[in-house]
Amino acid sequence: LMDVRGLSPAQLNFKADSTRWSVAQCVEHIALAEAALTMAYQQALNSAADPSKRDSIKYSDQQIIHFLTDRSRKFQAPEMLKPVGSFGSFQASLDSFVARRNRNIEFIKTTQADLRDHCSSFPGVGMVDDYQVVLFMVSHSKRHTLQLEEVKANPNFPKN
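Only a predicted model underlies this, so the values are computations on that prediction, with no experimental measurement involved. (Residues numbered from 1 in each chain as written. Predicted model: local features only at pLDDT ≥ 70, side-chain atom pairs only at ≥ 80, totals over all residues. Heavy atoms only, no water.)

*Asks:* So what's going on with the overall build of the chain? Residues and values would help.
*Replies:* Helix and strand content of the chain: five helices and two strands. Of the regular secondary structure in the chain, the N- to C-terminal order runs α-α-α-α-β-β-α. Projected onto the principal axes, the alpha-carbon positions of the chain cover approximately 55 × 30 × 25 Å. A buried classification covers 44% of the 160 residues belonging to the chain. Sequence-distant contacts, at least 24 apart, represent 79% of the contacts inside the chain between residues at least 6 apart. Looking at the chain as shown, the accessible area adds up to about 9100 Å², and 54% of this sits on carbon and sulfur atoms. (Helix = DSSP H or I, 4+ residues; strand = E, 2+ residues; numbered from the N terminus. Buried < 20%, exposed > 50% of the residue type's maximum accessible area, 1.4 Å probe, protein only. Contact = heavy atoms within 4.5 Å. Areas by Shrake-Rupley, 256 points an atom, 1.4 Å probe, with all protein chains shown as cover.)

The structure is reproduced here in structure tokens:
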């Protein structure tokens, strides 16, 4: 969050080239993904705990974190997570992310559910438990924080 505070509209909307996202687009994407990942773990929690599904999990926690935070590998965002001005403004995107992230943190701190015993199939990854969905959420945010830092490090990034 500190990476985006105080940036001007020119800085928020700067793109290194037509194939790259701006800082504002990165933040919107993170906010959209936070909502989608929250729904994913909540849906799994709505079904009965089933520890037997854990045998189907292919990736370790560390593999998920590495896979998502490795910026040398590029991915195409699914249509529903592409930044298209969904929130109406940069500030609304940021506010949505912060509010949802704060609710997620509070839920994780207080839940009595065993996140390891609630599993679901995840696109491109296969079976994951809800703990891994939370790791996915945090690692995904880290990935795009690194991306927006790359945008800000571009020599053509506006000074103000």
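*Asks:* Give a detailed account of the pattern of salt bridges, specifying residues and quantitative values.
*Replies:* Counting across every chain of the model gives seven salt bridges. Between Arg101 and Glu34 there is a salt bridge, with the nearest N and O atoms lying 2.8 Å from each other. On the criterion of sequence distance, the pair formed by Arg101 in helix 4 (residues 90–110) and Glu34 in helix 2 (residues 23–46) is long-range, its members being 67 residues apart. Here Arg101 falls in the buried class, since its relative accessible area comes to 16%. For Glu34, a relative accessible area of 2% corresponds to the buried category. Because the salt bridges share partners, they merge into one network encompassing Arg54, Asp61, Arg116 and Asp129. (Salt bridge = Lys/Arg side-chain N within 4 Å of Asp/Glu carboxyl O.)

*Asks:* Explain the pairing of strand 1 (residues 119–122) to me, and be specific about the residues and the numbers.
*Replies:* Pairing of strand 1 with strand 2 (residues 126–129) involves four bridges; the strand directions are antiparallel. Bridge pairing in strand 2 places Ser121 opposite Met127. Between strand 1 and strand 2, which pair antiparallel in sequence order, lie three residues; one of them, Gly124, sits at a positive phi of approximately 80°. (Pairing = 2+ DSSP bridges.)

*Asks:* For helix 5 (residues 130–153), give the residues involved together with the corresponding values.
*Replies:* A rise of 1.5 Å per residue sets the reference length of helix 5, with its 24 residues, at 34 Å; its end C-alpha atoms lie 35 Å apart and thus fit the reference within 8%. With a side-chain oxygen positioned 3.0 Å from the backbone nitrogen of Tyr131, the residue opening helix 5 is Asp129. (Expected span 1.5 Å × (residues − 1). Polar contact = N/O pair within 3.5 Å; in protein donor to acceptor, adjacent residues only side chain to side chain.)

*Asks:* Talk me through the side chain of Gln132; I want residue IDs and the actual numbers.
*Replies:* Take Gln132: it is sitting in helix 5. Using a relative accessible area of 3% as the deciding quantity, one classes Gln132 as buried. Among the polar contacts listed, one links the side chain of Gln132 to the side chain of Asp61, at a separation of 3.2 Å. In this view, Gln132 contacts Ile57, Tyr59, Ser60, Asp61, Ile64, Arg116 and Met127; residues no more than four positions away in its chain are not counted.

*Asks:* Hey, could you go over the nonpolar core for me, with residue numbers and the actual values?
*Replies:* Grouped together as the largest cluster of nonpolar side chains are 15 residues, with contacts concentrated most on Val4, Leu7, Leu12, Val23, Val27, Phe90 and Leu148. Looking at this core, the elements that each hand over two or more residues are helix 2, helix 4 and helix 5. Setting aside its immediate chain neighbours within four residues, Leu148 contacts Asp3, Val4, Val23, Cys26 and Val27. Core analysis: the next-biggest nonpolar cluster, separate from the first, contains 14 residues, Leu37, Tyr41, Val134 and Phe136 among them. (Core = buried A, V, L, I, M, F, W, Y, C linked by side-chain atoms within 4.5 Å.)

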